[in-house]
Amino acid sequence: MEALLYDKLEENWVQCRACHHFCKIKPGAKGICNVRENQNGTLVSLVFDRVIATSCDPIEKKPMFHFKPGSTAYSIATMGCNFKCRFCQNSDIAQIPAGRKGVIQGRQIQPHAIVEQALASGCQSIAYTYTEPSVFFELAYETAKLARENKLSNIFVTNGYMSADLIHLVAPFLDAANVDLKAFDDKFYQTYCQARLEPVKKTLKLMKKAGILVEVTTLLIPGLNDDPEELTALARFIANDLGCDTPWHISRFHPSYKMTDIGVTQVSNLERACEIGQKAGLYYVYTGNVPGLAENTYCHNCGTLLVKRHGYTIENYLKEKGACPKCGSQVSGIY
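Residues numbered from 1 in each chain as written. Predicted model: local features only at pLDDT ≥ 70, side-chain atom pairs only at ≥ 80, totals over all residues. Heavy atoms only, no water.

**Q** Account for the pairing of strand β10 (residues 125-128), with residues named and values stated.
**A** On a regular strand, one side chain projects to one face of the sheet and the next to the other, so that they alternate. Alternating positions in β10 separate into two faces, Ser125 and Ala127 on one and Ile126 and Tyr128 on the other, with burial throughout. As judged from the 4 bridges shared by strand β8 (residues 72-77) and β10, these two strands associate in the parallel manner. Residue Ser75 lies in a different strand from β10, and its bridge partner there is Ala127. Direction of pairing for β10 relative to strand β11 (residues 153-158): parallel, over a ladder of 4 bridges. The residue of β11 that forms the bridge with Ser125 is Ser153. (Buried < 20%, exposed > 50% of the residue type's maximum accessible area, 1.4 Å probe, protein only. Helix = DSSP H or I, 4+ residues; strand = E, 2+ residues; numbered from the N terminus. Pairing = 2+ DSSP bridges.)

**Q** Any chance you could break down the layout of surface pockets for me, citing the residues and the numbers?
**A** There is about 1100 Å³ of room inside the largest pocket. Taken together, 37 residues make up the lining of the largest pocket; nearest its centre are Lys61, Lys62, Pro63, Gln89 and Asn90. For the lining of the largest pocket, the secondary-structure elements that each account for two or more residues are β11, β12 (176-180), β13 (213-220), β14 (248-252) and β15 (285-288). It is β13 that provides the largest number of residues to the lining of the largest pocket, a total of 3 residues. Grouping the constituent residues of the lining of the largest pocket by class yields 14 nonpolar, 16 polar and 7 charged. Space inside the second largest pocket adds up to approximately 230 Å³. Along the wall of the second largest pocket there are 16 residues; nearest its centre are Val285, Ala294, Glu295, Asn296 and Tyr298. For the lining of the second largest pocket, the class distribution of residues is 9 nonpolar, 5 polar and 2 charged. (1 Å grid on protein atoms, 1.4 Å probe; cavity = no way out; pocket = protein on both sides within 12 Å on 5 of 7 lines; lining within 4 Å. Points joined across faces, edges and corners; volume = space filled by probe spheres on them. Nonpolar A, V, L, I, M, F, W, Y, C, P; charged D, E, K, R; others polar.)

**Q** With reference to specific residues and values, describe unusual backbone geometry.
**A** Cis geometry marks the peptide bond from Lys62 to Pro63, where omega comes out at -5 degrees. On the secondary structure map, Pro63 appears in the loop between β7 (53-58) and β8. Despite not being glycine, Tyr257 shows a phi value in the positive range, around 50 degrees. Along the chain, Tyr257 falls in the loop between β14 and α9 (267-279). Classification of Tyr257 as partly exposed rests on a relative accessible area of 34%.

**Q** I'd like a description of the nonpolar core, backed by residues and values.
**A** Counting 89 residues, the largest nonpolar core has Phe87, Ile126, Phe156, Leu181, Tyr189, Leu204 and Trp248 as the members making the most contacts within it. Per-element accounting of this core gives the leading share, 7 residues, to helix α8 (residues 228-242). One finds Phe65, Cys299, Cys324 and Val331 within the second-largest nonpolar core, a separate group that totals 9 residues. (Core = buried A, V, L, I, M, F, W, Y, C linked by side-chain atoms within 4.5 Å.)

**Q** Give me the lowdown on the sheet that holds strand β17 (residues 305-310), citing residues and values where you can.
**A** Here 3 strands make up an open sheet; going across it, the order is β16-β17-β18 and the pairing antiparallel. Looking along the sheet, the strands with just one partner apiece sit at the ends: β16 (297-298) and β18 (313-316). As paired elements, β16 and β17 share 2 bridges and run antiparallel to each other. Following the sheet pairing, Tyr298 is matched in β17 by Leu305.

**Q** Quick rundown of the side chain of Thr131? Include the residues and the values.
**A** Within the secondary structure layout, Thr131 lies in the loop between β10 and α4 (137-149). A polar contact of 2.7 Å, which involves the side chain of Thr131, links it to the backbone oxygen of Thr78. Filtering out sequence-adjacent residues up to four positions away, Thr131 remains in contact with Ala77, Thr78, Gly80, Ile93, Ala94, Phe136 and Val157. (Polar contact = N/O pair within 3.5 Å; in protein donor to acceptor, adjacent residues only side chain to side chain. Contact = heavy atoms within 4.5 Å.)

**Q** Describe empty space enclosed by the protein, and please don't skip the residues or the numbers.
**A** According to the stated counting rule, one finds 1 cavity of 30 Å³ or more in the structure shown. Volume-wise, the largest cavity comes out at about 100 Å³. If you go around the largest cavity, you meet 14 residues; those closest to its centre are Cys16, Cys19, Cys23, Cys33 and Arg36.

Now the structure itself:
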């Protein structure tokens with residue numbers, strides 16, 4: 001399928017405008033994501049109908065804690081990614097195109113069939129996840145439009161490197177997003193992700209401005225992005241630029257892909273990061289990959305327990321439309 005968001009250049013070159021790499025691609029070559037190819041001056045998506053993974057997931061797995069707690073999301077992904085994270089947790093599908101000479105895997109499925117399967121499974125939303133949705137944007141966009149017509153919500157789980165043009169195009173159909181803010185240091189992004197920090201910050205602010213429900217996730221890697229000063233700056237950015245009611249998920253690192261020489265994150269470091277977030281004024285700070293640590297949602301005004309979680313077991317005490325049952329304060333989210 002011909003890709004969206006690109007410009008034709010001289011001598012059959014093209015420039016992709018889906019993400020902040022803005023790849024200039026010569027004829028016969030692919031972009032950094034390895035799934036968008038210049039075919040004789042036309043940019044083509046190689047994964048429009050090639051879905052590599054589908055699953056009916058608890059919404060909390062995304063993680064989304066302030067979007068219809070206890071519901072399920074029909075999750076889809078294709079191959080490919082525009083980041084090259086050394087700690088990639090889905091490298092078997094995100095990085096395969098580069099590692100296997102560009103061979104694209106996945107079963108053929110059209111957007112209408114994805115929506116039909118989501119409805120049949122009883123899910124309330126479709127999540128574009130596991131790999132980066134901006135690299136399979138054409139599939140996500142067409143599916144999201146059909147999902148909205150069928151009263152299904154749409155969620156991006158993303159590294160946040162998408163272009164402003166992409167955000168403006170999808171915003172009318174995108175209800176929520178969990179965005180990885182992998183660090184608050186540009187050198188980290190360059191060294192470990194082959195990307196930059198500033199575009200991710202811009203994406204977060206644009207999404208909030210567009211009325212998309214945003215939750216932020218940071219994978220805490222020992223010795224690389226867990227410096228207290230850096231975490232303080234990150235938490236203050238969320239509080240000041242996105243709002244104190246923006247949920248922040250701090251996830252425990254486990255060795256993976258090309259980063260197996262670093263151990264798991266200590267629980268004490270996760271607890272310290274939570275304290276930093278709370279001191280910065282964030283109402284909702286959670287930990288991930290450690291069941292039972294900081295999973296519950298409490299009223300920011302009176303401290304009442306609102307949503308009790310243990311893994312994917314949910315007890316929701318919120319009133320209709322997300323009001324605290326004790327003081328009536330509104331809790332940020334979609335309920």
